[in-house]
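Observations on chain architecture
Each chain, letter by letter, is given below.
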Amino acid sequence: MTAQQLVRRWAWVGTFVIGSGLYLLVLAVLTDTGNPNLFPTMILLGALVVPLTFVMFAAGRSGRWLIDGPTLGGSLLFGGVVGVVVAGLLEYDAIRKLGALPMLGVGLIEEAAKLVVPAVLVLFFGHRYRHSIGGGIVIGVAVGTGFAVLETMGYAFVALLQSGGNVGAAEQSLFIRGLLSPAGHASWTGITCWGLWRFAVAPSGKRFLGFLGMYAVAVALHATWDGLGGRVTYAIVGVISIGLLLIGLRRAQRDDSRVPA
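Residues numbered from 1 in each chain as written. Predicted model: local features only at pLDDT ≥ 70, side-chain atom pairs only at ≥ 80, totals over all residues. Heavy atoms only, no water.

1. Some thoughts on the side chain of H222
Inspection of the secondary structure puts H222 in helix α11 (residues 205-228). By relative accessible area, H222 is classed as buried at 2%. Here E110 takes part through its side chain, which lies 3.2 Å from a polar atom of the side chain of H222. Among all residues touching H222, those that are not within four sequence positions of it are V106, G107, E110, E111, H185 and W188. (Helix = DSSP H or I, 4+ residues; strand = E, 2+ residues; numbered from the N terminus. Buried < 20%, exposed > 50% of the residue type's maximum accessible area, 1.4 Å probe, protein only. Polar contact = N/O pair within 3.5 Å; in protein donor to acceptor, adjacent residues only side chain to side chain. Contact = heavy atoms within 4.5 Å.)

If you want it as C-alpha cells, here you go:
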C-alpha cells in the first residue's frame, strides 16, 4: 500500500478529530458567551461531523479512489438537498391525500428520493462513473449523508425553538441523530446504490432484479427503524445496515479489480 493510499484509508480519523474539535470549540464559546449567532454553526458542525467521517471511511475502502472531491461534495450537497425537497413534497402530497402516512410509505418515498442524483449521474455521466461499483457505493453514502445532515439540522432547530433556546436540547438531538446517521440514511442509500451500480456496470435482468431487491431491503430497514424505534431496534438495524454496506464495499473491491481503469 502506497503512502497516498494509506492517507486516504485513514483520512476519516483526521476528519473526526478536526471536526469534533471545531464543534467543541464552538459549543464552548456559545456556552460562555450565549451569542445566538453561533447557533447555526453549532447545528451545522454537530450534524455534519460523524456523517462526514463515515463518508471518508467508506471512500477509503472503496477499492480504487475514483471519486474526486467535487463529485463527493456535490453528491453530499445536491443529493441531500434534492432528496429532502423531493421527499418532503411527495410525503406532503401523500399525507394530504391519504391521511397519516405509514412508515413503509415514508421509507419508499425517502429511499426513492435519495436516488434522484445517483440516477442522474448514471444516466447522463455514465462514461465517467459507471465503471466503478465501489465509487457508486461511496456516491450513495455521500447522498444519504447529505440527506441525514439536513434532516438532523431541521430536528435540532425545532428542538431549539420548542425548548425556548435551550442549547442542551439541540445538543442532545444533534448527538443522538448525528451518531446514528451512519447506520441509517448513509448505509441505506449506499446499499441501494450498490445494486444500482452493479446493474449500470453490467446491465442484465438478473442485476436489475438485484437492484430492486436491494432497494426493498433499504426500505424495509428504514421502515423498521422508524416504525419500531428504541435502542434495541436501532442497534439491530444499525448492525445489519452497516454490515451490508461493508459487504458491498468488499465485494466492490473485488469486482472493480476485474474492470480496466
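Once the structure has been displayed, the description carries forward.
2. Considerations on the environment of A142
By the element assignment, A142 lies in helix α8 (residues 133-162). A relative accessible area of 0% places A142 in the buried class. Between the C-alpha atoms of A142 and G73, which are 69 residues apart in sequence, the distance is 7.7 Å. The residues touching A142, leaving out its near neighbours within four places in the chain, are V55, L72, S75 and L76.

3. Here we look at the nonpolar core
With 39 residues, the main nonpolar core has I137, I139, V141 and W197 as its most contacted residues. Mapped by element, the contributors of at least two residues to this core are α3 (39-59), α4 (69-98), α6 (116-124), α8, α10 (185-201), α11 and α12 (231-256). The element contributing the most residues to this core is α10, with eight residues. (Core = buried A, V, L, I, M, F, W, Y, C linked by side-chain atoms within 4.5 Å.)

4. Considering the packing of α11 against α12
For the pair α11 and α12, interaxial distance at closest approach is 9 Å and the crossing angle is 160°. Relative to α12, the element α11 lies roughly antiparallel. α12 is crossed by α11, and the crossing has left-handed handedness. Along the contact surface, α11 presents V217, L221, T224, W225 and L228, while α12 presents T233, Y234, V237, G238, I240, S241 and L244. When its residues are assigned to classes, the contact of α11 with α12 shows eight nonpolar, four polar and no charged. (Axes fitted to C-alpha atoms, helices over the stretch in contact; angles between N-to-C directions. Parallel < 35°, antiparallel > 145°, perpendicular 65-115°, else oblique. Left-handed = near helix turned anticlockwise from the far one by under 90°. Nonpolar A, V, L, I, M, F, W, Y, C, P; charged D, E, K, R; others polar.)

5. Comments concerning the environment of F78
Mapped onto the secondary structure, F78 falls in helix α4. Classification of F78 by relative accessible area gives exposed; the value is 53%. Separated by 107 residues in sequence, F78 and H185 have C-alpha atoms that sit 15 Å apart. Among all residues touching F78, those that are not within four sequence positions of it are G83 and V117.

6. Let's talk about the packing of aromatic side chains
Counted according to the given criterion, the structure contains seven aromatic pairs. Relative to F57, the ring of F54 has its centre 6.3 Å away and its plane inclined at 20°; by these criteria the two rings are stacked. Of this pair, F54 and F57 both sit in helix α3, three residues apart, which is roughly one turn of the helix. Taking relative accessible area as the criterion, F54 reaches 10% and is therefore assigned buried. Centre to centre, the rings of W188 and W225 are 5.7 Å apart; their planes meet at 80°, and the pair counts as edge-to-face. Remark: W225 occurs in helix α11 and W188 occurs in helix α10; sequence separation between them is 37 residues. With a relative accessible area of 1%, W188 lands in the buried category. On the basis of relative accessible area, W225 is assigned to the buried category, the value being 11%. Here a set of aromatic residues connected by ring pairs shows up, and it is made of W10, W12, F54 and F57. Geometry around F147 places K114 over its ring, the cationic atom sitting 5.5 Å from the centre. (Phe/Tyr/Trp six-rings, centres within 6.5 Å; stacked < 30°, edge-to-face > 60°. Lys NZ or Arg CZ within 6 Å of the ring centre and 35° of its normal.)

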